[in-house]
Amino acid sequence: MLIPLGIVGIAIAALAGWSAYVGRKVEEAVPPDGSFADVAGARLHFLDMRPENEKGPPIVMLHGLMGQMRNFSHSLAGRLAMDHRVILIDRPGWGYSKLTGPRAGVAEQAAMIAALIGQLGLEKPLLVGHSMGGAVSLALALDHPELVRGLALIAPYTQPVDQPPDVFKGLVVPRGLRGPLAWTIAVPIAMRTGKLRSTQAFAPDSVPSDFGTRGGGVLTVRPTSFLQGTFEIGIGKTEMERLTPRYGEIKVPVAILYGRQDALLDPALHGTKTAEAIPGGTIEMIYGGHMLPVAHAAETEAWLRKVLAA
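Notes on the structure follow. (Residues numbered from 1 in each chain as written. Predicted model: local features only at pLDDT ≥ 70, side-chain atom pairs only at ≥ 80, totals over all residues. Heavy atoms only, no water.)

## Comments concerning the overall build of the chain
- Helix and strand counts for the chain stand at eleven helices and nine strands.
- For 310 residues, the compact-globule formula gives about 19 Å, and the C-alpha radius of gyration of the chain, at 19 Å, lands near that figure.
- Structurally, the chain occupies a C-alpha span of about 70 × 40 × 40 Å along its principal axes.
- Split into buried and exposed, the 310 residues of the chain put 52% on the buried side.
- Within the chain, contacts between residues separated by at least 24 positions form 81% of all contacts whose residues are at least 6 apart in sequence.
- In the form shown here, the chain has an accessible surface area of approximately 13,600 Å², with 59% of it arising from carbon and sulfur atoms. (Helix = DSSP H or I, 4+ residues; strand = E, 2+ residues; numbered from the N terminus. Rg over C-alpha atoms; globule rule 2.2 N^0.38 Å. Buried < 20%, exposed > 50% of the residue type's maximum accessible area, 1.4 Å probe, protein only. Contact = heavy atoms within 4.5 Å. Areas by Shrake-Rupley, 256 points an atom, 1.4 Å probe, with all protein chains shown as cover.)

## Considering the pairing of strand 3 (residues 59-62)
- Of the two faces of strand 3, both are covered, the one formed by Ile59 and Met61 as well as the one formed by Val60 and Leu62.
- Bridge count between strand 3 and strand 4 (residues 86-89): four bridges; the pairing is parallel. Paired with Leu62 across the two strands is Ile89, which belongs to strand 4.
- As defined by bridge partners, strand 3 adjoins strand 6 (residues 126-130) across four bridges and the pair is classed as parallel. Bridge pairing in strand 6 places Ile59 opposite Leu126. (Pairing = 2+ DSSP bridges.)

## A look at the pattern of salt bridges
- By the definition in use, this model includes 17 salt bridges.
- The shortest N-O distance in the salt bridge between Arg70 and Asp33 comes to 2.8 Å. In this pair, Arg70 is assigned in helix 2 (residues 70-73) and Asp33 in the loop between helix 1 (5-29) and strand 1 (35-39), connecting sequence segments 37 residues apart.
- Close ionic contact of Arg79 with Glu301 constitutes a salt bridge, the shortest N to O distance being 3.4 Å. With Arg79 in helix 3 (residues 77-80) and Glu301 in helix 11 (residues 297-309), this residue pair connects regions lying 222 residues apart in the sequence.
- Residue Arg79 is classed as partly exposed on the basis of its relative accessible area, which comes to 35%.
- Taken together, the shared-partner salt bridges in this structure form one network comprising Arg79, Asp83, Glu301 and Arg305. (Salt bridge = Lys/Arg side-chain N within 4 Å of Asp/Glu carboxyl O.)

Laid out in structure tokens, this is it:
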């Protein structure tokens, strides 16, 4: 039985309208936290947390795939901001950072973050990257080593893999279908499967009850997040194939923290192998899954302070 085109058009319009409505309601629940800065290709959203008495170097934090800055502010950043200037950044295309040019790969994102570091006048911050934020951090250390004192990578994505983690397989979408799906079925599917995906991302740790709002989790239920997610999943392997041969060139100290039970990324591949490829690279393993900044904030803080002291 053929469905009349008019009915199909109405259904598509209704889904697009619903997706836009959900996006607005999500943004009402999780509004912007910080300020905005224009760099080439993007308008970056960042939160500058400055204690009255800064006792150490500044810290810049970059979140992972399907994340945003509240992944850090939920449990971790406030601990460090007691005595350090901490800058949380929504990576280009995520949270409230808007792209003003083409979608940016890992090196291009690193250039945008480097430009913001310059605008803010930060003197050699420690760059903290979680998951995909780790890949961007590595690219920044390679292309702009003079800007940072070192990298502290938490469960970083660092090596090419043929298949994405199961939780992200729904983002493997041909380029031509990404836009239509983003504004039709992506939002309803994300609303239906969001709890399961969060559980998979945190496993074996539990998901905090307030992660959706305080941790920014609900911001992934937007067409813009689906579009950026499909883009980064699509370029991931190629970007890592470009990056990994250069790890031996890294001149700044690099420390890696991984949860032994990480269910998204292989600690041996993305942690141990990468640490061995970087001159002077170190790795520490603790109990926990992929979302260490949220689920194991105290242990992550202790590790970061050890890295800073070193």
